[in-house]
Amino acid sequence: MKIVRAKDYQDMSRKAANIISAQVILKPECILGLATGSTPMGAYQQLIKWYEKGDVDFSQVSTFNLDEYVGLSDDDPQSYHYFMRKNFFDHVNIDLAKTHVPDGATKDPESFCKNYDRMIAEAGYPDLQLLGIGNNGHIGFNEPDDHFSAGTHCVDLTESTIQANSRLFEKEEDVPRQAYTMGVQTIMYAHMILVAANGEKKAQAVRDMCFGPVTPSCPASILQLHTNCVVVADEAALSLCPAE
Ligand code: GLP
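Not measured: the values here are computed from a predicted model.

### Some points on the sheet that holds strand β8 (residues 178–181)
Here is step 1 of the chain: Strand order in the open sheet formed by three strands is β4-β8-β7, and the pairing between neighbours is antiparallel. Both outer strands of the open sheet, β4 (67–69) and β7 (153–156), are each paired with one neighbouring strand and no more. Between one strand axis and the next, the sheet turns by 30° as a mean value, whatever way the strands run.
Here is step 2 of the chain: Both β7 and β8 contribute to a ladder of four bridges, which runs antiparallel. Paired with C154 across the strands is Y180, a residue of β8.

If you want it as structure tokens, here you go:
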């Protein structure tokens, strides 16, 4: 696990965007695993700026998103489909047909999940998987548990995640109680993993991810076993980690 120290959110975002754009420049037809949430928004904004300047071209890139709330349709403003279009896809030259976000409105969750895994496997797994981290150490929506999950599946969200994500909804009752998420095993198949983290609220989770025991009670801790994982975090998120 390589830790890259950033001064603040802006610096973290630029560094993360630099790594993503390097991937796209080195392999224009790459597969990107993408994440939602407040953490990657700055990196997406930076990538959009570089696209507008002509520095990066997304025309051949394919993407697979980590997760989606159960019950929300593509055009629901709270859905991760909507988030991705609003914050990234609509502003760059990505081919929407090559983008994939789990279908929150599926009527057949079991075959949907199997099919999502099959598509990711057939694509050869993400060259780069971008991740944020939950306050409780979750990755995607893989919540603390007594085992690591395998493929894409439906999860019951924990109270702490519902509460953390309620800031993006009008009221806490509006937050869906379930989500579809790529499993931990699928995430681990990515050829490179880039975790972005900022702010004091993430400090304990970042410490547990990087320096704690590898345990499903902190799902992100399994990233210690990945051979090519980079954590880009700001000073506040690294404040509980050993200095060097
Ligand atoms: C959300 C998402 C994760 C995200 C995490 C942190 O619930 N499912 O993919 O990484 O929680 O979110 P944020 O970046 O807003 O802190």
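### Structural notes on the pairing of strand β10 (residues 229–234)
Here is step 1 of the chain: By the criterion of burial, β10 is predominantly enclosed, with six of the six residues buried.
Here is step 2 of the chain: Side chains C229, V231 and A233 project from β10 onto one buried face, and the interleaved V230, V232 and D234 project onto a second face that is buried too.
Here is step 3 of the chain: Summarising the sheet, strand β1 (residues 2–6) and β10 pair through five bridges and their orientation is parallel. The residue of β10 that forms the bridge with I3 is V231.
Here is step 4 of the chain: In the sheet, strand β9 (residues 193–197) pairs with β10 via five bridges, with the strands oriented parallel. Across the sheet, the residue bridging to I193 is C229, located in β10.
Here is step 5 of the chain: What joins β9 to β10 is helix α7 (residues 203–211), and the crossover it makes is right-handed.

### Notes on α7
Here is step 1 of the chain: Residues of α7 that are buried include every one of A203, A205, V206, M209 and C210, and no others. One side of α7 holds all its buried residues, which, seen down the axis, span an arc of 160°.
Here is step 2 of the chain: Buried residues belonging to α7 abut β1, β9 and β10.

### Some words on the site of the ligand
Here is step 1 of the chain: Neighbouring the ligand are 13 residues; S38, T39, D67, R167 and K202 lie closest to it.
Here is step 2 of the chain: Residue T39 places a side-chain N or O atom 2.5 Å away from an oxygen atom belonging to the ligand.
Here is step 3 of the chain: Within the contact set of the ligand, a nitrogen atom lies 2.9 Å away from a side-chain nitrogen or oxygen of D67.
Here is step 4 of the chain: About the coverage of the ligand: the protein hides 93% of its 390 Å² of free accessible area.

Thresholds, definitions, all that
- Residues numbered from 1 in each chain as written.
- Predicted model: local features only at pLDDT ≥ 70, side-chain atom pairs only at ≥ 80, totals over all residues.
- Heavy atoms only, no water.
- Pairing = 2+ DSSP bridges.
- Helix = DSSP H or I, 4+ residues; strand = E, 2+ residues; numbered from the N terminus.
- Axes fitted to C-alpha atoms, helices over the stretch in contact; angles between N-to-C directions.
- Buried < 20%, exposed > 50% of the residue type's maximum accessible area, 1.4 Å probe, protein only.
- Right-handed = clockwise from strand over helix to strand, strands pointing away.
- Arc of directions from axis to C-beta.
- Contact = heavy atoms within 4.5 Å.
- Near = heavy atom within 4 Å.
- Polar contact = N/O pair within 3.5 Å; in protein donor to acceptor, adjacent residues only side chain to side chain.
- Areas by Shrake-Rupley, 256 points an atom, 1.4 Å probe, with all protein chains shown as cover.

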